Amino acid sequence: MSKCGKIASIFEELKSTHDKTFTTKLEEFPGGPDAFLFAAKFCYGIRVEFTARNIIMVYCAADFLEMTDEYGEDNLLLKSENFLHKNVLRNWKDCILALQSCESCMPRAEKLYILKKCLNAVSMMVCTDPSLFGWPMMMYGSLQSPGGSILWNGINTGARIRSAESDWWFEDISYFSVGLFERLIKTMEGRGIRCELLAGAIMYYARKYLPGLGRWQSVLGGKARTVASFSLTPVAVDQKVLLESIEMLLPKKKGKSFCRFLLGLLRVASILGVNQTCQDSLERRIGMQLELASLDGLLIPSYSDSDTLYNTDCVERIVHHFVSLESGLTLFSPPSLDLESSPSSEPLRKVARLMDSYIAEVASDVNLKPGKLRTLAEVLPESSRPLHDGLYRALDIYFKAHPWLSDGEKEKLCNIIDYQKLSVDACAHASQNERLPLRVILQVLFFEQMHLRMALAGCLNVLEAESAPTGQGEIAGNATAGQIVQRDGWVTVVRENRVLKVDMEKMRSRVGELEEEFSKIKQEMKRVTKSHSSLSSPRVVARKFGCKLLAKSSDAQTDVAGSTGPTPRPSVEQACSSRNSRHRKSFSLF
């Protein structure tokens, strides 16, 4: 009674109504019997020890019992307040331990602003370099001074904690209850901590207490840290309450890993049966960043009484959100979460390719109705698909898994395909596909023939434009370029024709060079033949040997007629002339 104002006032009230002994009950005593025992020992002078685990409980009990300086100098309330401010709020480890132990007196601690002070202290230390705290713990990194020494006989030698990771605090706060964790995240958000760090902490906390997330998702970066010095134990959480709370805490951002995490939450939400508001919010969040999703994330199994293997209704609602809602979300900063590496491509076309792959994956389900397949294919606008090869592949898989469909049902499904948007390979496959109705095959053949004619006409226009004069050729080439059907096969044909034309021009120039060289060789051979015939005449040979031939009339006549007679080597000259004629015939082909 001399230390506690609360008990003193109760005694004064009951003393007037009771003559002998009487009992009283302290309703809603913070901290329970342990806190009362601590206060009783303090009142009777028994030595007590303040720790981070009991300081909030003792502080609340001292305030409840009104153990102020009015009822004794240096009373329990003042001592506990001094210990809280001087020891606990300046140390990360003590702050974490104090917050975890305040569950039994949460309302009183919140009323006394103790909880707010501890949460602000933790938030401030998260924003601060951990090397400034001076923790003598090895769990947050290596303690090493510039000289290489760490500690000597327990004396700090100026070593600083080196921690390059920004997620060092994820593990420690993951031991809080759901309500306390939610309060801490909101406090950090109010202090302006980056959204990617908050999202990382939320994802870490969710993966720890929702085992369904860890089965198909990779662990977010960051090593698991030992908490042996903390001696903390994971709290018991209600997974359904946890998921609903986490959904409200998540920032409105987008990223590839973040979208994968949201899809995992949606899958677990289907298992736990969360409220409809939470599920709708998750679907809306995913729809606003659907271009970053992956196929395995969209393959959500059906946990209801539906006959289908996958929850196609959920995916259909997500795509509706993507089409109807503007994104308006900004990406996380690159250092923290795995982002989309190629943001230049259009989101609508990405989603169209993703949906084509999804439809092809679920098409093998024998319980999937044709109407649902058609709805999934038509949920996106027509402009989202420049090619319909993906839809054709999905329908082919569906027809293979559903051989009992009639031709009428197949024709209704085939109406979702625009045959003008099929590639050459897809048209070739469809024209020989026995699973398609005959009418569909005829349509494919018709459009394939039309494409062929347009492509050939385009090729001829290009060749004519190239053969035209320079100015006209450029105008004609620009005019015909837009008329060519942009198909992979025909573009290749046009290029090969251009290369062939260049090769023919080179061949013509080479043939001209060969003809000139041949004419020079022919003239040289004629000159050599004439000189050789003059040297081999009888008069020249006789004069060379000093002989003198008698002149006869027959010889004179022979000399006069020598110009018209055969040459001394007629075989050589005939061979040369025959070769010349053959070369002329061969070159005339060009």
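Residues numbered from 1 in each chain as written. Predicted model: local features only at pLDDT ≥ 70, side-chain atom pairs only at ≥ 80, totals over all residues. Heavy atoms only, no water.

1. Some details on the overall build of the protein
Rules: Every helix listed is a DSSP run of H or I at least four residues long, and every strand listed is a run of E at least two residues long, numbered separately from the N terminus. Note on exposure labels: buried denotes an accessible area under 20% of the residue type's maximum, exposed denotes more than 50%, and partly exposed covers the range between, all computed with a 1.4 Å probe on protein chains only. Contact criterion: two residues are considered in contact whenever any of their non-hydrogen atoms come within 4.5 Å of each other. Only the protein chains shown count as cover for residues, and the accessible areas themselves come from Shrake-Rupley with a 1.4 Å probe.
Counting secondary structure elements, the protein contains 27 helices and 6 strands. The buried share among the 590 residues of the protein stands at 40%. If you take every contact in the protein between residues at least 6 apart in sequence, the share linking residues at least 24 apart comes to 75%. Surface summary for the protein: the accessible area is close to 33,900 Å², and the carbon and sulfur share equals 55%.

2. Brief notes about the nonpolar core
Among soluble globular proteins, nonpolar side chains are generally buried collectively. As a reminder, the rule being used: Residues enter a nonpolar core if they are buried and are Ala, Val, Leu, Ile, Met, Phe, Trp, Tyr or Cys, with the set joined through side-chain atoms within 4.5 Å.
Grouped together as the largest cluster of nonpolar side chains are 130 residues, with contacts concentrated most on I56, W169 and L290. The greatest single-element share of this core, amounting to 10 residues, is contributed by helix α10 (residues 195-209).

3. Here we look at the pattern of salt bridges
If the charged atoms of two oppositely charged side chains come close together, the side chains can form a pair. Note the cut-off: One side-chain nitrogen of Lys or Arg within 4 Å of one carboxyl oxygen of Asp or Glu is enough to make a salt bridge.
One pass over the structure, following the stated rule, counts 19 salt bridges. For R527, the salt bridge is made with E524, and the minimal N-O distance between the two is 2.2 Å. Here R527 pairs with E524, and both are found in helix α24 (residues 488-535), just 3 residues apart, close to one helical turn. One connected set of salt bridges, linked through shared partners, spans D313, E316 and K372.

4. Concerning the packing of helix α19 (residues 389-401) against helix α20 (residues 407-414)
We apply this condition: In this analysis, axes come from line fits to C-alpha atoms, helices being fitted only over the stretch in contact, and the angle between any two N-to-C directions falls in the range 0 to 180 degrees. Throughout, the term roughly parallel applies to angles under 35 degrees, roughly antiparallel to angles over 145, roughly perpendicular to angles from 65 to 115, and oblique to all others. Each crossing is labelled by how the near helix is turned from the far one, with a counterclockwise turn of less than a right angle marking it left-handed and a clockwise turn marking it right-handed.
The contact between α19 and α20 brings their axes to 11 Å, and the two run at 160°. Of the possible angle classes, the one that applies to α19 and α20 is roughly antiparallel. When the axes of α19 and α20 are compared, the crossing they make is right-handed. Residues L395, Y398 and F399 of α19 lie in contact with α20, whose contacting residues are K410, L413 and C414.

5. What about a nonpolar patch on the surface?
Quick reminder of the rule: In this analysis, a patch consists of residues with relative accessible area above 30% that form no salt bridge, clustered at 9 Å for like charges and at 5 Å for the nonpolar side chains Val, Leu, Ile, Met, Phe, Trp and Tyr.
A cluster of nonpolar side chains, L438, L442 and L445, forms an exposed patch at the surface whose accessible area comes to about 310 Å². Assignment of secondary structure puts L438 in helix α22 (residues 438-467). We classify L438 as exposed; its relative accessible area is 62%.

6. With respect to helix α21 (residues 424-431)
Counted only if it meets this: In this description, the arc belongs to the directions extending from the helix axis to the C-beta atoms.
Listing the buried residues of α21 in full gives A426, C427, A430 and S431. Projected down its long axis, α21 shows its buried positions confined to an angular sector of 130°, all on one face.

7. Section: the packing of helix α12 (residues 239-249) against helix α14 (residues 276-287)
In contact at an axis separation of 10 Å, α12 and α14 are set at 40° when each is read in the N-to-C sense. If you check the angle between α12 and α14, you find them oblique. Read as a crossing pair, α12 and α14 show a hand that is left-handed. Touching L243, E244 and E247 of α12 are C278, S281, L282 and R285, all from α14.

8. Some details on the side chain of T308
The test is simple: Think of a polar contact as two N or O atoms within 3.5 Å of one another; within protein, one of them needs to be a possible hydrogen donor and the other a possible acceptor, and neighboring residues in sequence only count if both atoms come from side chains.
When you line up the elements, T308 lands in the loop between α15 (295-298) and α16 (312-324). Within polar-contact distance, the side chain of T308 engages the backbone oxygen of Y310 at 3.1 Å. Those residues within four positions of T308 in sequence are excluded, and the remaining contacts are S302, D365, N367 and L368.

9. A look at the environment of L348
Looking at the secondary structure, you find L348 in helix α17 (residues 347-362). The exposure class assigned to L348 is partly exposed, which follows from its relative accessible area of 26%. For the pair L348 and S384, spaced 36 residues apart in the sequence, the C-alpha separation amounts to 5.7 Å. Dropping the residues within four chain positions of it, L348 is found in contact with F322, L380, P381, S383 and S384.

10. Description of the environment of D407
Its location among the elements puts D407 in helix α20. Look at D407 and you get partly exposed, because its relative accessible area is 48%. Taking C-alpha positions, D407 is 9.4 Å from R435, a pair spaced 28 residues apart along the chain.

11. Focus: the packing of aromatic side chains
Using the following cut-off: Only the six-membered ring of Trp is used, alongside the rings of Phe and Tyr, when aromatic pairs are assigned; centres must lie within 6.5 Å, and planes under 30 degrees apart are stacked while those over 60 apart are edge-to-face, with the rest tilted.
Here the structure, examined in full by the defined rule, presents 9 aromatic pairs. Seen from their ring centres, W92 and W168 are 4.9 Å apart, and the 65° between their planes marks the pair as edge-to-face. Here W92 is found in helix α5 (residues 92-100), whereas its partner W168 is found in the loop between β4 (160-162) and α8 (170-173), with 76 residues between them in sequence. An aromatic cluster is built from F29, F36 and F64, whose rings are joined through pairwise contacts.

12. Quick notes on the confidence of the model for the protein
Rules: pLDDT runs from 0 to 100 and stands for how confident the predictor is about each residue.
Per-residue confidence for the protein gives a mean pLDDT of 76, with 69% of residues at or over 70. Every residue in residues 134-154 is under pLDDT 50, and counting partners more than four places away or in other chains gives 48 contacts.

13. Regarding the side chain of E244
The condition that has to hold: The charge count includes Lys and Arg as positive and Asp and Glu as negative, but it does not include His or the ends of the chains.
Residue position: E244 is located in helix α12. No salt bridge is formed by the buried E244. Its closest oppositely charged neighbour is K240, at 5.0 Å. A polar side-chain atom of E244 sits 2.8 Å from a polar atom in the side chain of N275. Sequence-distant contacts of E244, defined by excluding residues within four places in its chain, comprise V274, N275 and C278.

14. Focus on α19
What counts here: In a helix, the anticipated span is given by 1.5 Å times the number of residues less one.
With 13 residues, α19 extends 19 Å between its outermost C-alpha atoms, agreeing within 8% with the 18 Å of an ideal straight helix rising 1.5 Å per residue. Looking at α19, one finds that the buried residues are L391, Y392, A394, L395, D396, Y398, F399 and A401.

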